[in-house]
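# Topology and contacts: notes
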Amino acid sequence: MEGRKIVSLTQNRADLRFPFPERFAERVSGQKIVRLGRRAKFLTVELSSGEVLVMHLGMTGRFTVSGHATARYKHETGTDPAHDHVVIVLDSHDIVTYNDPRRFGFMELWPAEQFQSYPRLMAMGPEPLSNHFSAAYLDTALKGKKAPIKAALLDQSVIAGLGNIYVCEALWRAKISPKRLSQSIPGQRAARLAPAINDVIAEAIEAGGSSISDFASASGELGYFQHRFAVYDREGQPCPACGTTIKRLVQSGRSTFYCPSCQR
DNA sequence: CGTGGTCCCTGGGCGC
DNA sequence: TGCGCCCAGGGACCAC
């Protein structure tokens, strides 16, 4: 998409999770896409107008890029026109469709020169694959924190971009109980946890992500990291390391899966 | 302030 | 077959 011009944007309803920007189609049409980026789970599109289009997929959002023939997308199997909320046509004739059944995703426009004060990203923690993230950072970030480590890792101001699946998987790899208080992690446990987070994220990206029911890449490919889950969504099944039955519990409203024997 | 609960929304799966 | 309930990748918001 970089370097292409947006020919048109069609918005099929007034809102997703939040209302679409005022005069959305007008502000985006005719603009060149200068750069695509990502911070945490937010996607950014720098436009030649000086505005940044910030987008989030929520839980069920999906972008599909379909090739030149308009008809192709319409006739593809498994499509869901009822939830195609935004359709963008590029000057390459590619069609970028945003589909989102639950509408927890959103799109916003923000001035590029004030992007450092974009509220939703102001308090973001470091990217797990960047140099700003390390065992030393985790040591500092978790010191004195009373929340369970599961909750702390889901907190985007501690570390950006980890969701429920990868937090469960990283804690299993680091052999840390999800119930353990964050303040007891610094030291040896942080030394195991930081690389476990790195590895699980790097491997999941390499595997094309995790497709449970909704996720697919822009070309429609499914990920296959779900076949490598050690604990996530595996309640009642054996731990791949020790054979103990995987347990499920609810922490701050979300399911946690863990091995009660390996994870301490 | 940090933390936990609730809610936004649709659809799939299950028990009855 | 159909109904009601529970559950789901996220995160904003509110009460304590």
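Residues numbered from 1 in each chain as written. Chains lettered and ligands numbered in written order. Predicted model: local features only at pLDDT ≥ 70, side-chain atom pairs only at ≥ 80, totals over all residues. Heavy atoms only, no water.

## What about the protein's contact with DNA strand C?
Put simply, the rule is: Throughout this document, a residue counts as near a molecule or strand when at least one of its heavy atoms sits within 4 Å of that molecule or strand. Pairing of N or O atoms within 3.5 Å defines a polar contact, subject to two protein rules: one partner must be a possible hydrogen donor and the other a possible acceptor, and residues neighboring in sequence count only if both atoms are side-chain atoms. A run of H or I in DSSP becomes a helix once it reaches four residues, and a run of E becomes a strand once it reaches two; helices and strands are each numbered from the N terminus. Only Asp, Glu, Lys and Arg are considered charged, only Ala, Val, Leu, Ile, Met, Phe, Trp, Tyr, Cys and Pro nonpolar, and every remaining residue, Gly among them, polar.
The environment of DNA strand C is made up of 22 residues, and the closest members are K41, H56, S213, R254 and S255. For DNA strand C, the backbone makes up 51% of the atoms found within 4 Å of the protein, where backbone means sugar plus phosphate. Taking H56, its side chain carries an N or O atom lying 2.7 Å from a phosphate oxygen of DNA strand C. In the model, a phosphate oxygen of DNA strand C is placed 2.3 Å from a nitrogen or oxygen of the S255 side chain. Elements with a contribution of two residues or more to the surface near DNA strand C: helix 5 (164-173) and strand 10 (254-258). The residue makeup of the surface near DNA strand C, split by class, is 6 nonpolar, 9 polar and 7 charged.

## Looking at the packing of aromatic side chains
Put simply, the test is: The rule is short: rings of Phe, Tyr and Trp, with Trp giving its six-membered ring, pair when the centres are within 6.5 Å, and they are stacked under 30 degrees, edge-to-face over 60, tilted in between. Burial here depends on accessible area, computed with a 1.4 Å probe over protein chains only, as a share of the maximum for the residue type. Under 20% is buried, over 50% is exposed, and the range in between is partly exposed.
Going through the model one piece at a time under the given rule, you end up with 11 aromatic pairs. Their ring planes at 15° and their centres at 5.5 Å tell us that F20 and F24 sit as a pair that is stacked. F20 gets classed as buried once you look at its relative accessible area, which sits at 7%. A relative accessible area of 2% places F24 in the buried class.

## Side note on the sheet that holds strand 2 (residues 33-39)
This is how the line gets drawn: Whether two strands pair comes down to DSSP finding at least two bridges between them. Angles shown run from 0 to 180 degrees and are taken between the N-to-C directions of axes, each axis being a line fitted to C-alpha atoms and, for helices, limited to the stretch in contact.
Across the sheet, 4 strands lie side by side as 2-3-4-8; this open sheet has antiparallel pairing. Single-partner strands in this sheet number two, and they are strand 2 and strand 8 (106-111). Strand-to-strand twist across the sheet, computed as the mean angle between neighbouring axes with direction ignored, equals 20°. Bridging between strand 4 (residues 51-56) and strand 8 involves 6 bridges; their strand directions are antiparallel. Looking across to strand 8, one finds that L53 is bridged to L109.

## Topic: the protein's contact with DNA strand B
With respect to spatial proximity, the complete set of residues near DNA strand B consists of H83, P101, R102, R103, F104, K145, K146, A147 and P148. Near the protein, within 4 Å, the atoms of DNA strand B are sugar or phosphate in 59% of cases. Contact distances for DNA strand B include 3.2 Å between a phosphate oxygen and a side-chain N or O atom of H83. Among the residues forming the surface near DNA strand B, the class breakdown is 4 nonpolar, 1 polar and 4 charged.

## Some thoughts on the side chain of N164
Put simply, the rule reads: Residues are treated as being in contact if the distance between any of their heavy atoms lies within 4.5 Å.
By the secondary structure assignment, N164 is in helix 5. Polar contacts involving the side chain of N164 include one to the main-chain carbonyl oxygen of S255, which spans 3.0 Å. With sequence-adjacent residues up to four places away left out, N164 is seen in contact with K150, L154, Y232, R254 and S255.

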